[in-house]
Amino acid sequence: MNVKKLTGLIVIALVVFFIVTNPSGASGAVNGIGNWLYGVGTNITTFLSSLAP
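Parameters and conventions
Residues numbered from 1 in each chain as written. Predicted model: local features only at pLDDT ≥ 70, side-chain atom pairs only at ≥ 80, totals over all residues. Heavy atoms only, no water. Helix = DSSP H or I, 4+ residues; strand = E, 2+ residues; numbered from the N terminus. Rg over C-alpha atoms; globule rule 2.2 N^0.38 Å. Buried < 20%, exposed > 50% of the residue type's maximum accessible area, 1.4 Å probe, protein only. Patch = residues over 30% accessible without salt bridge, like charges linked within 9 Å, V, L, I, M, F, W, Y side chains within 5 Å. Areas by Shrake-Rupley, 256 points an atom, 1.4 Å probe, with all protein chains shown as cover. Salt bridge = Lys/Arg side-chain N within 4 Å of Asp/Glu carboxyl O. Axes fitted to C-alpha atoms, helices over the stretch in contact; angles between N-to-C directions. Contact = heavy atoms within 4.5 Å. Nonpolar A, V, L, I, M, F, W, Y, C, P; charged D, E, K, R; others polar.

### Points about the overall build of the protein chain
On a plain count of helices and strands, the protein chain comes out with two helices and zero strands. At 18 Å, the protein chain has a C-alpha radius of gyration far larger than the 10 Å of a compact globule built from 53 residues. Each of the 53 residues in the protein chain was classed as buried or not, and the buried ones make up 2%.

### Here's the deal with the environment of Gly8
Along the chain, Gly8 turns up in helix α1 (residues 3-21). Assessed through its relative accessible area of 31%, Gly8 is described here as partly exposed. Placed 26 residues apart in sequence, Gly8 and Gly34 show a C-alpha to C-alpha distance of 23 Å.

### Considering a nonpolar patch on the surface
Residues Ile33, Trp36, Leu37, Val40, Ile44, Phe47, Leu48 and Leu51 make up a contiguous nonpolar surface patch of about 840 Å² in total accessible area. Looking at where Ile33 falls in the secondary structure, it is placed in helix α2 (residues 23-51).

### Quick word on the packing of α1 against α2
The interhelical angle for the contact between α1 and α2, taken along N-to-C directions, is 115 degrees, at an axis separation of 5 Å. Counted together, Phe18, Ile19, Val20 and Thr21 of α1 and Pro23, Gly25 and Ala26 of α2 form the full contact between these two elements. When the residues that make up the contact of α1 with α2 are grouped by side-chain class, the tally is five nonpolar, two polar and no charged.

### Considerations on the environment of Thr42
Here Thr42 shows up in helix α2. Residue Thr42 is classed as partly exposed on the basis of its relative accessible area, which comes to 33%.

As structure tokens, then:
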């Protein structure tokens, strides 16, 4: 088994452990990422709209 595959499996195991032991914290993290992505999308849309005549 190569190191890249082993590292991926360890990361997945840690994410599952985090979700199982702290579901409210995991949902807060996902909510924060979603809000960040929404903000990025809104800012890109605003920027592109300001370029149009």
